[in-house]
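One letter stands for each residue in the lines below.
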Amino acid sequence: MYERWDEFRAWAQTASLAGAEGFDPRQLCSPVPTPRQLFAVGLNYRDHVDEVGLAHDVPVVFTKYVSSIAGPYDDIPHPGGHVDWEVELVAVIGRGGHGIREEDAWSHVAGLTIGQDISERITQHVGVTPQFSLGKSFPKFAPMGPVLVTPDELDDPDDVALETVVNGETVQSSRTSFMTSSVSRLIAQLSSITTLLPGDVIFTGTPSGVGLGMVPPRYLNVGDELVTRIEGVGELRNRIVARQGVA
């Protein structure tokens, strides 16, 4: 669908929904189940940089592997170790390109959705340099959804509220306007190096309030309920479950 995004949008604006059938929201899967490229951005909120004690002048870019993608209501298996939460606004590319100008970037966005950048901190910090991609790519560590919202549906797509709630307690609460690099700037930065493709996913970073930054640190356990909300998009609702045997 993302390869034909302009055609799809034109159809959607005039389509008759007279024969539409209702559905259970829990049937929804990730709105982007198999992107060819999944970019993730770290240290893109100043308060998060401060809480984890890592000084960077520009956001750190890594990837979450596609096999970690999950739906908005999927259970997340606990792999052991220190499992942490990170609410993130996710931008999905509709029109690809290389060398996209910042002022044109929003025209390349198909829509926005919610992502949780689940992270296992022990794996992430093994080695001389952090293993961001491995520590953040266990099965179901990239839940997304529940829907894709086109930017025109939001009053200001550069300023929406986002939060994480663990077992009823709000642990993250911020606004995307506090990002050091906006969605449009990230698209310009990424496309100045690599070609963005239709359906590519960009996790844009998380604000403060992650478990790693708490004193003492706090992590997710089996049985915990993780609710992730973004204004104008909806919520993810994921439960942490025991990991089954590995095939």
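Everything discussed here concerns the structure shown above.
What comes next concerns the included structure. Note that the coordinates shown come from a computational prediction; the quantities given were computed from them, not determined experimentally.

### Looking at the overall build of the chain
Regarding its fold elements, the chain presents five helices and 14 strands. The C-alpha atoms of the chain give a radius of gyration of 18 Å, which matches the 18 Å a tight globule of 247 residues would have. The C-alpha extent of the chain, read off along each of the three principal axes, is 55 × 45 × 35 Å. When the 247 residues of the chain are sorted by exposure, 48% land in the buried category. Contacts in the chain between residues at least 24 apart in sequence constitute 78% of all its contacts with a sequence separation of at least 6. A total of about 11,600 Å² of accessible surface is found on the chain, and carbon and sulfur atoms cover 53% of it. Averaging the positions of the 18 positive and the 32 negative side-chain charges in the chain gives two centres separated by 4 Å.

### Some points on the sheet that holds strand 1 (residues 38-42)
Strand order in the open sheet formed by seven strands is 2-1-12-6-7-9-3, with mixed pairing between adjacent strands. Only two strands of the sheet have a single neighbouring strand rather than two, namely strand 2 (60-63) and strand 3 (69-70). The sheet contact formed by strand 7 (residues 109-116) and strand 9 (residues 142-149) spans three bridges and is antiparallel. By the bridge assignment for strand 9, I114 is matched with G145. Here helix 5 (residues 183-191) sits on the sheet in contact with strand 1, strand 2, strand 6 (87-93), strand 7 and strand 12 (201-203), set at roughly 55 degrees to strand 6.

### Re the pairing of strand 7
The buried count for strand 7 comes to eight of eight residues, which makes it a mostly enclosed element. The pairing of strand 6 with strand 7 spans seven bridges and is classified as antiparallel. Each bridged residue has a counterpart across the sheet, and for L89 the counterpart in strand 7 is I114.

### Observations concerning the side chain of S68
Structurally, the position occupied by S68 is in the loop between strand 2 and strand 3. The class of S68 is buried, set by a relative accessible area of 0%. From its side chain, S68 meets the backbone oxygen of Y65 in a polar contact 2.7 Å long. With residues near it in sequence (within four places) discarded, S68 still touches K136, S137, F138, K140, F141 and A142.

Calculation rules
- Residues numbered from 1 in each chain as written.
- Predicted model: local features only at pLDDT ≥ 70, side-chain atom pairs only at ≥ 80, totals over all residues.
- Heavy atoms only, no water.
- Helix = DSSP H or I, 4+ residues; strand = E, 2+ residues; numbered from the N terminus.
- Rg over C-alpha atoms; globule rule 2.2 N^0.38 Å.
- Buried < 20%, exposed > 50% of the residue type's maximum accessible area, 1.4 Å probe, protein only.
- Contact = heavy atoms within 4.5 Å.
- Areas by Shrake-Rupley, 256 points an atom, 1.4 Å probe, with all protein chains shown as cover.
- Lys, Arg positive; Asp, Glu negative; His and termini not counted.
- Charge placed at Lys NZ, Arg CZ, Asp CG, Glu CD.
- Pairing = 2+ DSSP bridges.
- Axes fitted to C-alpha atoms, helices over the stretch in contact; angles between N-to-C directions.
- Polar contact = N/O pair within 3.5 Å; in protein donor to acceptor, adjacent residues only side chain to side chain.

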